[in-house]
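The lines below spell out each chain.
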Amino acid sequence: IIIYSKCLCVLVQVHPENEDWTCFEQTASLDIKSFFGFESTVEKIAMKQYASSIKKGKEIIEFYLKELEDEGMTHVPRWTPSSLPLPLPRPTSLSTSPPLVPKLTVTPAVSIPLATDANDSTSQDTKQDSSALQADSLTEILAGTPEDKLDADYIKRYLGDLTPLQESCLIRLRKWLQETHKGKIPKDEHILRFLRARDFNMDKAREILCQSLTWRKQHQVDYLLETWSSPQVLQDYYTGGWHHHDRDGRPLYILRLGQMDTKGLVRALGEESLLRHVLSINEEGLRRCEENTKVFGRPISCWTCLVDLEGLNMRHLWRPGVKALLRIIEVVEANYPETLGRLLILRAPRVFPVLWTLVSPFIDENTRKKFLIYAGNDYQGPGGLVDYIDKEIIPDFLGGECMCEVPEGGLVPKSMYRTAEELENEDVRLWTETIYQSASVFKGAPHEVLIEIIDASSVITWDFDMCKGDVVFNIYHSKRAPQPPRKDAMGAHGITSPGGNNVQLIDKSWTLGQDYSMVESPLTCKEGESVQGSHITRWPGFYILQWKFHNMPACSATNLPRVDDVLATLQVSSHKCKVMYYTEVLGSEDFRLFVSGSVFAPFPFSTSSSPSLLI
């Protein structure tokens with residue numbers, strides 16, 4: 001391993017052109033020459049940690065600026081050196097440690113807590129509330145109306161202990177979903193997981209929840225358990241399975257990772273099938289949590305995972321296998337937060353720290369705190385496995401008396417290996433199995449979809465989700481057929497897009513009102529909204545659905561870049577807005593039948609949620 005690094009340098013100075021401005025500059029360098037072939041992955045990890053450090057620094061600066069404003073201080077004179085001795089500092093709100101100061105913690109990538117409290121049940125939602133929400137937001141939240149309450153028995157039975165602040169956050173987020181996702185919304189248990197994952201920060205929880213609901217809808221994850229049948233090679237060689245429950249009533253999943261031939265499974269099945277199988281495991285875990293909640297009469301919202309690393313060696317660090325593992329972790333972390341109650345890692349070998357260094361930065365910090373790691377046979381002693389699992393159900397391969405149905409694994413026969421072309425031809429890609437399409441929308445470069453109507457009184461229906469950014473949705477009609485679609489918008493912006501597309505149909509020489517006309521009033525769609533609607537056509541011809549970038553008002557007159565803009569440049573993004581959509585043309589008779597089934601609302605524009613995790 002060869003790594004060259006320079007220490008972090010922070011420079012604070014007065015702006016040379018305006019002494020009322022203070023400039024903060026931060027620089028660091030890291031050059032990774034050799035790291036087991038994962039140099040680019042480690043560099044991305046370092047960039048992610050560096051961006052997080054900058055963001056945390058911004059939060060600290062803003063906190064203390066807010067403290068100054070609260071004390072009535074609107075101007076701080078420029079500092080000048082003094083020849084007089086400085087007096088002793090007087091106690092102020094800035095020289096003491098306020099209870100709500102966000103703390104800046106740096107956790108090394110290999111820092112693993114080896115012992116935690118065994119009683120870390122579903123009451124984890126009570127942690128870090130004081131640091132997650134400021135005092136002013138606390139006053140605002142607690143000033144809710146009297147009816148904004150949940151039944152106490154319902155909370156105790158299905159949600160677990162909630163403070164008034166946490167209960168109010170849940171109600172507010174649910175209300176927002178009801179307003180922006182008309183129709184059915186996710187269960188309270190599901191919403192609560194995302195709130196807990198972001199320490200009950202409303203904005204952050206809402207963002208990741210909307211992204212997850214869109215993802216579930218796009219890939220039809222809600223129907224995965226009914227539609228997915230694992231191949232025989234997975235049934236024979238995937239060394240994982242459900243096994244009773246732990247002492248807290250949580251479903252227990254056992255994974256014999258050290259006995260798994262990760263290279264063989266990737267070569268025989270491909271990355272997509274492995275990902276789908278892991279998603280089906282998580283969906284089954286959610287179902288088992290609901291069952292155990294009914295059985296034990298108390299809320300159970302997460303499960304316990306036992307990972308046996310006996311047999312783990314350098315072959316498990318096969319680069320495509322690690323790449324597949326990192327992608328699976330990324331997808332699971334984004335869409336199944338706070339579902340892992342505890343992770344027991346047993347018989348960790350010497351090679352484990354290398355693997356942990358690669359994967360730990362992709363795991364949420366709250367999740368890492370739930371890891372318990374035992375080397376050798378330490379799990380058999382006090383504070384070991386029996387503290388979390390009843391002795392009667394400890395698997396036989398760990399010294400227990402319970403027969404475990406988890407496959408023993410082994411090497412996948414090379415005769416089952418398939419080429420990349422064969423895997424692609426089998427159409428097993430999870431991301432392509434969807435009726436929805438993705439598009440990118442840029443400032444000055446809208447995305448447009450052409451629909452030709454032969455019979456008047458036909459009905460154009462649409463269903464789209466705003467994955468990122470705000471747009472204005474328009475519908476136009478033209479008797480003239482547009483020219484072949486142009487896909488040069490992204491090239492004109494000097495960027496490329498790894499996913500989605502951008503198509504423009506309306507020629508710049510066309511005049512609104514002459515060459516084409518608007519048939520519906522524009523609709524502004526905000527990020528996170530799910531929109532469904534329909535339009536009954538009055539004339540045959542060509543209809544164009546358009547998603548146009550929504551210009552936001554400028555927030556500052558200064559020419560200096562904002563911290564948020566700097567952070568945005570650190571995150572590689574190929575689009576300003578992203579929309580996922582589906583359109584269909586129905587006959588008027590078919591549409592009336594469609595509306596009677598409550599699939600689309602009978603008015604031109606309406607909003608509705610995806611069917612994800614519905615009540």
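Anything mentioned here points back to the structure above.
These figures come from a predicted structure and were not determined experimentally. (Residues numbered from 1 in each chain as written. Predicted model: local features only at pLDDT ≥ 70, side-chain atom pairs only at ≥ 80, totals over all residues. Heavy atoms only, no water.)

A. The arrangement of the state of the cysteines in detail. Using the criterion set out here, one finds zero disulfides in the structure. Cysteine Cys 402 is unpaired, with the sulfur of Cys 404 as its nearest cysteine sulfur at 7.0 Å. (Disulfide = S-S within 2.5 Å.)

B. Broad picture of a nonpolar patch on the surface. A cluster of nonpolar residues, Val 12, Phe 24, Ile 61 and Leu 65, forms a patch on the protein surface that exposes about 360 Å² of accessible area. The residue Ile 61 is located in helix α1 (residues 39–70) in this model. Ile 61 sits in the partly exposed class, given a relative accessible area of 33%. (Patch = residues over 30% accessible without salt bridge, like charges linked within 9 Å, V, L, I, M, F, W, Y side chains within 5 Å. Areas by Shrake-Rupley, 256 points an atom, 1.4 Å probe, with all protein chains shown as cover. Salt bridge = Lys/Arg side-chain N within 4 Å of Asp/Glu carboxyl O. Helix = DSSP H or I, 4+ residues; strand = E, 2+ residues; numbered from the N terminus. Buried < 20%, exposed > 50% of the residue type's maximum accessible area, 1.4 Å probe, protein only.)

C. Quick peek at the pattern of salt bridges. Inspection of every chain in the model, using the stated rule, returns 22 salt bridges. Across the salt bridge formed by Arg 216 and Asp 222, the nearest N and O atoms sit 3.1 Å from each other. You'll find Arg 216 and Asp 222 in the same group, each marked buried. Glu 310 is the salt-bridge partner of Arg 347, the closest N and O atoms lying 3.8 Å from each other. Here Arg 347 is found in the loop between β6 (340–346) and α13 (352–359), whereas its partner Glu 310 is found in the loop between β5 (303–308) and α12 (319–335), with 37 residues between them in sequence. Given the relative accessible area of 38%, Glu 310 is considered partly exposed.

D. Geometry of the environment of Glu 520. As for its position among the elements, Glu 520 is in the loop between β12 (517–518) and β13 (523–525). Since its relative accessible area comes to 15%, Glu 520 is described here as buried. Separated by 46 residues in sequence, Glu 520 and Asn 474 place their C-alpha atoms 6.7 Å apart.

E. Layout of the sheet that holds strand β7 (residues 371–373). Read across the open sheet, the five strands follow the order β3-β4-β5-β6-β7; overall the sheet is mixed. Of all strands in the sheet, those with a lone pairing partner are β3 (240–245) and β7, marking the two edges. Strand-to-strand, the axes of this sheet are offset by a mean angle of 20°, without reference to chain direction. Where β6 and β7 come together, three bridges link them in parallel fashion. From the neighbouring strand, Leu 343 faces β7, where its bridge partner is Phe 371. Sheet strands in contact with helix α11 (residues 271–296) are β3, β4 (251–255) and β5, and its direction is about 5° off that of β3. (Pairing = 2+ DSSP bridges. Axes fitted to C-alpha atoms, helices over the stretch in contact; angles between N-to-C directions. Contact = heavy atoms within 4.5 Å.)

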